[in-house]
Amino acid sequence: MKVYTLKNNVVEIDFIPRGGQIISIRVPDSNGNIADVVVGYDSLEETLNGDGYFGAICGRYANRIVKGEFEIDKEKFQLDCNDNTNHLHGGHEGFHAKIWDVTEVDLGQFVQAYKLSLTSEDGDQNYPGKLDVTVVYGLTEDNQFVIEYAAETSKPTVINLTSHPYFNLNGAGNGSAVYHQLQINASYYTPISAELGTTSGIIARVNGTPFDFTKPKSVQLACDANHEQINMIGGIDHNFVLDDFNGSVKLAGILTDPESGRKLEVYTDQPGIQIYTGAHFDGSERGKNGNPIQQCQGIAMETQIFPNSPNYDHFPNALLKPGERYTHVCIYKFC
Ligand code: GAL
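This text gives an overview of the structure that appears in the document. These numbers come from a predicted model, not from an experiment. Sequence positions are assigned chain by chain, starting from 1 and proceeding in written order. Local features in a predicted model are, by the rule used here, given only for residues with pLDDT of at least 70; side-chain atom pairs are given and counted only at 80 or more, and totals for whole chains, interfaces and linings are based on all residues. Heavy atoms throughout the structure, all of them, feed into the side-chain values; hydrogens and water do not.

Thoughts on the side chain of His180
The condition that has to hold: What counts as a helix is a DSSP run of H or I of at least four residues, what counts as a strand is a run of E of at least two, and both are numbered from the N terminus. To sort residues, take the accessible area from a 1.4 Å probe on protein chains only and compare it with the maximum for the residue type: under 20% means buried, over 50% means exposed, and anything in between is partly exposed. Contacts between residues were defined by any pair of non-hydrogen atoms, one from each residue, lying within 4.5 Å.
Within the secondary structure, His180 is located in the loop between β16 (166-167) and β17 (181-184). For His180, a relative accessible area of 1% puts it in the buried group. Not counting the four nearest positions on each side in its chain, His180 is found in contact with Phe167, Asn168, Leu169, Asn170, Lys217, Ser218, Val219, Leu255, Thr256, Asp257, Pro258 and Ile299.

Quick word on the pattern of salt bridges
Just so we agree on the cut-off: Each reported salt bridge corresponds to a side-chain nitrogen of Lys or Arg within 4 Å of a carboxyl oxygen of Asp or Glu.
Per the counting criterion, the structure on display carries 11 salt bridges. Between Asp132 and Lys130 there is a salt bridge; the shortest N-O distance is 3.5 Å. The class for Asp132 is partly exposed, based on a relative accessible area of 35%. A network of salt bridges, in which partner residues are shared, links Glu12, Asp14 and Arg26.

Observations regarding the pairing of strand β24 (residues 250-256)
For clarity, the cut-off: Between any two strands, at least two bridges found by DSSP are needed for them to pair.
Alignment of β17 against β24, held across four bridges, turns out to be antiparallel. Bridge pairing links Leu182 to Leu255 in β24. Where β24 and strand β25 (residues 263-268) come together, six bridges link them in antiparallel fashion. If you follow Gly253 over to β25, its bridge partner there is Val266. Following β24, the chain reverses through six residues before pairing antiparallel with β25; Gly261 in that reversal takes a positive phi of roughly 80 degrees.

Here's the deal with the sheet that holds strand β1 (residues 4-7)
As a reminder of what qualifies: Between the N-to-C directions of two axes lies an angle of 0 to 180 degrees, each axis being a line fitted to C-alpha atoms and, for a helix, fitted only over the stretch in contact.
Taken in spatial order, the four strands make up an open sheet running β1-β2-β3-β4, and their pairing is antiparallel. At either end of the open sheet lies a strand with only one pairing partner, and these are β1 and β4 (34-36). Direction aside, the axes of adjacent strands within the sheet are offset by 15 degrees on average. Two strands pair when backbone bridges link them, and strand β3 (residues 22-28) and β4 are joined in this way by three bridges, in the antiparallel orientation. Bridge pairing links Val27 to Ala35 in β4.

Quick word on the site of the ligand
Applicable threshold: Nearness here has a simple test: a residue counts as near a molecule or strand if at least one of its heavy atoms is within 4 Å of that partner. Polar contacts, as used here, are pairs of N or O atoms within 3.5 Å; protein pairs need one atom able to donate a hydrogen and one able to accept it. Residues neighboring in sequence count only if both atoms are side-chain atoms. Using a 1.4 Å probe, the Shrake-Rupley method yields the accessible areas, and only the shown protein chains count as cover for residues. Think of it as three bins: nonpolar holds Ala, Val, Leu, Ile, Met, Phe, Trp, Tyr, Cys and Pro, charged holds Asp, Glu, Lys and Arg, and polar takes everything else, Gly as well.
Around the ligand, a shell composed of Tyr53, Arg64, Leu88, His89, His164, Tyr166, Asp237, Gln274, Tyr276, His280 and Glu302 is seen. Side-chain polar atom of His89 to an oxygen atom of the ligand: 2.8 Å apart, as the coordinates give it. At 2.8 Å from an oxygen atom of the ligand is found a side-chain nitrogen or oxygen belonging to His164. In isolation the ligand has 310 Å² of accessible area, and contact with the protein removes 93% of it. A breakdown of the residues in the shell around the ligand according to their chemical character gives four nonpolar, four polar and three charged.

A closer look at the nonpolar core
What counts, and what does not: Working definition of a nonpolar core: buried Ala, Val, Leu, Ile, Met, Phe, Trp, Tyr and Cys residues. They are joined through side-chain atoms within 4.5 Å.
Core analysis: the largest hydrophobic core is formed by 61 residues, its most contacted members being Ile25, Tyr137, Phe145, Phe167, Phe240 and Phe334. The element best represented in this core is strand β12 (residues 131-139), accounting for five residues. Beyond its immediate chain neighbours, meaning those up to four positions away, Phe240 contacts Ile184, Ala186, Tyr188, Tyr189, Val206, Phe211, Phe213, Pro271, Gly272, Ile273 and Ile275.

Overview of the packing of aromatic side chains
For clarity, the cut-off: Side-chain rings of Phe, Tyr and Trp (the six-membered ring for Trp) are treated as a pair once their centres are within 6.5 Å; stacked means planes under 30 degrees apart, edge-to-face means over 60, and tilted covers the remaining angles. Geometrically, a lysine NZ or arginine CZ counts as sitting over a ring once it is within 6 Å of the ring centre and also within 35 degrees of the ring normal.
In this structure the tally under the stated criterion is 20 aromatic pairs. Pairing Phe70 with Phe77 gives two aromatic rings, centres 5.3 Å apart and planes at 20 degrees, and the pair type is stacked. Through pairs of rings, three or more aromatic residues link up here, namely Tyr4, Phe15, Tyr114, Tyr137 and Phe145. Lying over the aromatic face of Phe213, Lys217 brings its terminal NZ or CZ to 4.4 Å of the ring centre.

Points about the pairing of β1
Burial of β1 is one-sided: the residues Tyr4 and Leu6 facing one way are buried, the residues Thr5 and Lys7 facing the other way are not. As paired elements, β1 and strand β2 (residues 12-15) share four bridges and run antiparallel to each other. Bridge pairing in β2 places Thr5 opposite Asp14. If you look at the hairpin formed by β1 and β2, you'll find four residues sitting between the two strands.

What to know about the sheet that holds strand β21 (residues 204-205)
Strand order in the open sheet made by the six strands is β16-β29-β26-β23-β18-β21, with antiparallel pairing throughout. The outermost strands of the open sheet, each flanked by one partner alone, are β16 and β21. The pairing of strand β23 (residues 237-241) with strand β26 (residues 272-276) spans five bridges and is classified as antiparallel. Within β26, the residue paired with His238 across the bridge is Ile275.

These results come straight from atomic positions and should not be treated as a statement about function.
This is the structure we're talking about:
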């Protein structure tokens, strides 16, 4: 498996064709000390045998669809269920598990860029329609790692792509990210129903809850809060409803590490962002620097539409029809 590198004078990003997995992002702190800020493994072999979601492109439908069921024009579809009774991140052989075609492209706005392409056949993981997908990974001079998704389908289908790096701005494999400060431009979030294992369709105010990140706050404050939504997960694994969504690219959130001074800004044109503090990591696997991967070793900030949107009319539209083009921009800017 070839490792591709995107670099400018400051930032270096490694990724592989399997899942388009971003396996390393090396950035300096304010004193010029370089650290790799994404959770993962020391070797390619461990990466290929390890958690396939680390840094991967997730799809066709990132996040959960309850019982893997949805309807288009009264026709029922039953997707592959790989998360107890739910469908998660496109199923067992979702886009994280596919080998993408990679070509270097010369696009004016980037110092360096690669285009990743994939054809997902009609019926893949039981989704309708043949889907042609491209994802551009581009790096600008001012340290913006830009991810541009696009897709077209041969039959009406549902789509929601995302990228799944877990960030630890103090260096992955170098302790917890729970002390990072997080700000999210979201006055609402979608609470989880224990019964459904994902959102019940309710959109709730963050005000007065641990999910209020409208001002920068330590992730620890939220994770330590005695709140039924936090206790149910063992941390944060929630979709935030971004304020003032209008389809243009806007600042969604900022993650800062007080220790190293590194700062990450996340921009998107999507209506939501899933924040995941890695509650399911129990230390049984070793990651970078040979250290056990524990809860909150990194924080995932996944731009997307909302979980289970195909089953809620008041949630963003997940439907893609022939002749239409799905597009999505996510920018991770290292400041
Ligand atoms: C996240 C999801 C988590 C977990 C993780 C993959 O996007 O919110 O619940 O499934 O992906 O391990």
